[in-house]
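Here is how the chains run, residue by residue.
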Amino acid sequence: MKVVEKIQAKVVPSTIQLAYLGIQTVDLDFNVMTFKDGSVFVKLKNPEAVTKGSSVYIEAYLENMNDLMQVAQMKDIVCRLAGNNAITTVLTITSPMYSRYDRVMLDDQSDSFGAKVFGDFVRAMKFSIIRYVDCHSRVLVDYSHPAHTVTQYDLFQHMKNTYPELDDMLQIVPDKGACVKNQRGAIVMNKTRDVTNGKITGQYVEKAYTIDPDKRYIVVDDLCEGGGTFLGLASVLQESYPQLSRPNLYVSHGLFTNDAIPKLLKAYTNIYVYIMKRSVHEQLTGEEQQRVKVLYLVNA
């Protein structure tokens, strides 16, 4: 697995000479301070690097709005130092903040449209390009224009390079909404939810195209928080198809709150995660770390 920083920025050199010397990117070194009133202040330690660049790439694992403010200030510094020189700014958001509440759900319209509000903030930073890593909802991408999502399919293919056993597993899609991203499900599940409190009220098999006891199966989804959805799904699968072995689980974003991993490992053979926090991973036992296979750990 690879360990990455929570927020990092790199400059791509603009001159052929630097590229010839083998300098592909230059890390921007920022000092970040938080004042007593909660304000975030950012200072660039190596401003000379910006003048040699044609583009700047900022990758951010956002957990709160202070993180977003840090990113905005980093971009502000870079664009001012670039002056009249055109510089392309690219923001990659590797965390799923505000993407789940992607519409007004209550009839009386008393609930907030979180994805739109967050998307407006992101768009206001005026990056040349914005990328989300397997964004939960296309709605957030649309409101963050110009933005696109690095697809779940591409992440899963990248995961296979490190864990080739994934190539032999049949996929389970956890609900009909997930079919928008993944139409390769051998089994398609579905669920009902109470929109007033977000709780799942039922789960069931929508369609089963391939039931083979000799095959290994893997549930593929973008996000796992507390794990309740996947625990319920595993229970329904066991009841419906007792001849199948315990499935595996893949998620692009592993938040794993409320000690989710020990619970999930009772229902799943292994858990594959594209990106998760290092602090969560370090709380696992040695045996659990062997069964939780991660591609990227974030220093957060």
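Report follows, based on the coordinates.

Procedures and definitions
- Residues numbered from 1 in each chain as written.
- Predicted model: local features only at pLDDT ≥ 70, side-chain atom pairs only at ≥ 80, totals over all residues.
- Heavy atoms only, no water.
- Helix = DSSP H or I, 4+ residues; strand = E, 2+ residues; numbered from the N terminus.
- Rg over C-alpha atoms; globule rule 2.2 N^0.38 Å.
- Buried < 20%, exposed > 50% of the residue type's maximum accessible area, 1.4 Å probe, protein only.
- Contact = heavy atoms within 4.5 Å.
- Areas by Shrake-Rupley, 256 points an atom, 1.4 Å probe, with all protein chains shown as cover.
- Salt bridge = Lys/Arg side-chain N within 4 Å of Asp/Glu carboxyl O.
- Pairing = 2+ DSSP bridges.
- Polar contact = N/O pair within 3.5 Å; in protein donor to acceptor, adjacent residues only side chain to side chain.
- Patch = residues over 30% accessible without salt bridge, like charges linked within 9 Å, V, L, I, M, F, W, Y side chains within 5 Å.
- Axes fitted to C-alpha atoms, helices over the stretch in contact; angles between N-to-C directions.

Some remarks on the overall build of the protein chain
Step number 1: Scanning the protein chain for helices and strands turns up nine helices and 16 strands.
Step number 2: For the protein chain, whose C-alpha radius of gyration is 21 Å, the value lies close to the compact-globule estimate of 19 Å for 300 residues.
Step number 3: Here the C-alpha coordinates of the protein chain stretch approximately 65 × 50 × 35 Å along the principal axes.
Step number 4: The buried share among the 300 residues of the protein chain stands at 44%.
Step number 5: The long-range fraction of contacts in the protein chain, counting pairs at least 24 apart against all pairs at least 6 apart in sequence, stands at 56%.
Step number 6: Counting every atom, the protein chain has about 15400 Å² of accessible surface; 50% of that belongs to carbon and sulfur.

As for unusual backbone geometry
Step number 1: Omega for the bond connecting H145 with P146 falls within 30 degrees of zero, at 5°, which places this linkage in the cis form.
Step number 2: Residues other than glycine seldom take positive phi values, yet Y98 does so here, at roughly 60°.
Step number 3: In this structure, Q109 takes a positive phi of about 60° despite not being glycine.
Step number 4: Looking at Q109, the relative accessible area reads 61%, which means it is exposed.

Notes on the pattern of salt bridges
Step number 1: Inspection of the entire model under this criterion finds 14 salt bridges.
Step number 2: Of the charged contacts, one joins K6 and D67 as a salt bridge, the two residues approaching to 2.9 Å between their closest N and O atoms. Of this pair, K6 sits in the loop between β1 (2-5) and β2 (7-13) while D67 sits in helix α2 (residues 65-82), and the two are 61 residues apart along the sequence. Taken as a pair, K6 and D67 share a single burial class, namely buried.
Step number 3: A salt bridge links K277 to E63; its shortest N-O distance comes to 2.7 Å. On the criterion of sequence distance, the pair formed by K277 in strand β15 (residues 271-277) and E63 in the loop between β6 (53-60) and α2 is long-range, its members being 214 residues apart.
Step number 4: Within this structure, K6, E63, D67 and K277 form a network of salt bridges that share partners.

What to know about the sheet that holds strand β3 (residues 26-27)
Step number 1: Pairing in this open sheet of six strands is mixed, and the strands run β3-β2-β6-β7-β8-β9 from one edge to the other. With one partner strand each, in any of the chains shown, β3 and β9 (147-150) form the two edges of the open sheet.
Step number 2: Here β2 runs beside β6; their pairing, made up of seven bridges, is antiparallel. Looking at the pairing, V12 lines up with S55 of β6.

As for the side chain of D175
Step number 1: Along the polypeptide, D175 turns up in the loop between β10 (170-173) and β11 (185-193).
Step number 2: A distance of 3.2 Å separates the side chain of D175 from the side chain of K191, its partner in a polar contact.
Step number 3: Beyond its immediate sequence surroundings of up to four residues, D175 is in contact with M189, N190 and K191.

Digging into a nonpolar patch on the surface
Step number 1: Taken together, the side chains of M65, Y98, V117 and F121 make up a nonpolar region of the molecular surface, amounting to roughly 370 Å² of accessible area.
Step number 2: Within the secondary structure, M65 sits in helix α2.
Step number 3: Classification of M65 by relative accessible area gives partly exposed; the value is 31%.

Examining the pairing of β10
Step number 1: With three bridges connecting them, β10 and strand β13 (residues 217-224) associate as parallel partners. Residue pairing in the sheet places I172 in a bridge with V219 of β13.
Step number 2: With three bridges joining them, β10 and β11 adopt parallel strand pairing. Residue pairing across strands places V173 opposite V188, the latter belonging to β11.

A few points about the side chain of T94
Step number 1: Mapped onto the secondary structure, T94 falls in the loop between β7 (88-93) and α3 (114-124).
Step number 2: Taking relative accessible area as the criterion, T94 reaches 6% and is therefore assigned buried.
Step number 3: In contact with T94, not counting residues within four places along its chain, are E59, A60, Y61, V133, H253 and I275.

Observations regarding the sheet that holds β15
Step number 1: The strand order β1-β16-β15-β14-β13-β10-β11-β12 describes an open sheet built from eight strands, whose pairing is mixed. At either margin of the open sheet sits one strand with a lone partner, and together these are β1 and β12 (200-208). When the angles between neighbouring strand axes are averaged without regard to direction, this sheet yields 20°.
Step number 2: Judged from the four bridges that link them, β1 and strand β16 (residues 292-299) form a sheet pairing that is parallel. Looking at β16, one finds that K2 is bridged to Y296.
Step number 3: Relative to the sheet, helix α6 (residues 228-240) contacts β10, β11, β12, β13 and β14 (248-254), its axis offset from that of β12 by approximately 50°.

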